[in-house]
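# Secondary and tertiary structure notes
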Amino acid sequence: LNSNPPSAFSFVPLMRTLPNLAKLDISGNSISNRAVTYVAELISHLSSLTSIDLSRNRIKGEAAAILCQGMNLNHNLRTVDLRSNPLGYEGLKHLGSFFTTNLHLHDIILDQADTKNFLNHKDLSNKSLTKVPSHVWSSWSHLRKLDLSHNKLTEISSRMAALTHLKELNLSHNPLLLTLPPALAALPRLKVLKLEGCNLRTPPKNIVAKGTKYIMEFLRDLAQGHETTYRVKVMFVGQENVGKTTIWRIIRKGSFFRRDRDKSHNTTTSSGNSGNGG
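Read on for a plain summary of the structure.

Analysis parameters
- Residue numbers restart at each chain and count upward from 1, following the sequence in its written direction.
- In view of the model being predicted, local features appear only for residues whose pLDDT reaches at least 70, and side-chain atom pairs are presented and counted only at 80 or more, with totals across whole chains, interfaces and linings using the full set of residues.
- Water and hydrogen atoms were dropped before computing side-chain values, which therefore reflect all heavy atoms in the structure.
- Think of it this way: a Phe, Tyr or Trp ring, Trp meaning its six-membered ring, pairs with another when their centres are within 6.5 Å, and the plane angle makes it stacked under 30 degrees, edge-to-face over 60, tilted otherwise.
- Secondary structure elements are taken from DSSP: a helix is a run of H or I of four residues or more, a strand is a run of E of two residues or more, and numbering for both begins at the N terminus.
- Three exposure classes are used, based on accessible area relative to the maximum for each residue type with a 1.4 Å probe and protein chains only: buried under 20%, partly exposed in between, and exposed over 50%.
- Two conditions define a charge sitting above a ring: the NZ of Lys or the CZ of Arg must be within 6 Å of the ring centre, and it must be within 35 degrees of the ring normal.
- For helices, the axis comes from a line fit to the C-alpha atoms of the stretch in contact; other axes are also lines fit to C-alpha atoms, and the angle between any two N-to-C directions lies between 0 and 180 degrees.
- The scheme is simple: roughly parallel for angles under 35 degrees, roughly antiparallel for over 145, roughly perpendicular for 65 to 115, oblique for anything else.
- A crossing counts as left-handed when the near helix is turned anticlockwise from the far one by less than a right angle, and as right-handed when that turn is clockwise.
- Any two residues having at least one pair of non-hydrogen atoms within 4.5 Å are treated as being in contact.
- Residue polarity is assigned by list, with Asp, Glu, Lys and Arg as charged and Ala, Val, Leu, Ile, Met, Phe, Trp, Tyr, Cys and Pro as nonpolar; anything else, Gly included, falls into the polar class.

## So, the packing of aromatic side chains
Overall, the coordinates contain 2 aromatic pairs when judged by the stated rule. Ring geometry for Tyr89 versus Phe118: centroids 5.7 Å apart, planes at 70°, classification edge-to-face. Here the residue Tyr89 occupies a position in helix α4 (residues 88–101), and Phe118 occupies one in helix α5 (residues 112–118), the gap between them amounting to 29 residues. Plain terms: the ring middles of Trp137 and Trp140 are 5.6 Å apart, the flat faces sit at 85° to each other, and that makes the pair edge-to-face. Here Trp137 falls in the buried class, since its relative accessible area comes to 1%. Lying across the ring of Phe99, Lys122 places its NZ or CZ 3.9 Å from the centre.

Printed below as a string of structure tokens:
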């Protein structure tokens, strides 16, 4: 495909005859803004398409918005390569906005500097998500901010540790989320962790209430093999001089449990000796 519209017209019908096409490489074909309309139409019709390489073409500016319209209609598309295109600020802004809120597209591959500046935020709030597919985390390693709030998440994959540039993570209002993985402690730049409206058991509420620093320290301890210790207050109720203090001293010293164990051991030994004597 090149920038000549007639070529684009002939190209689209040809590709429509391949409904099971999963990967398409049309890189280095001098595709310009005039041909992008046909490419966008093609993307929207190839429902099995998961990856398209549009690198080394001449796509720029407003054409990126047209491309996003086609990508938005294909829910199986996962990866789009747009490196070495003169996208400009306007084109990059369109692609960044589309990437931020799109649920299905995992990765738009841009030149390194553009990725850092325009694809650093992902907002998947209010998407009714129960989980995030584990294979997407490596594609999001460049993210600085991730919003997964107001969903139905039941777990967070330990593969989130791949997001080494992440500075802010919003998991608030996921009432089914009970546990955070210790692997989160491996995120070196994470400074803001929002957990309001979650019914977490790990970390416990008293740790969550103290903020991100203490949550990360707690998870770091878990990652190193430390275990959570739960404490409960005990009150002995009864009349005077019935042995409350004595019971407490026995329990505190552990002699009650040792005595019970020794008694069980002696009974077993005695039974064994009796059998031998018979």
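## Quick look at the packing of helix α3 (residues 63–72) against α4
Direction vectors running N to C along α3 and α4 enclose 20°, while the axes themselves pass 8 Å from each other. On the basis of their axis angle, the class for α3 and α4 is roughly parallel. As for the relative orientation of α3 and α4, their crossing is right-handed in sense. Along its contact with α3, which presents Ala64, Ala65, Cys68, Met71 and Asn72, the element α4 presents Gly91, His94, Leu95 and Phe98. When grouped by side-chain class, the residues that make up the contact of α3 with α4 number 6 nonpolar, 3 polar and no charged.

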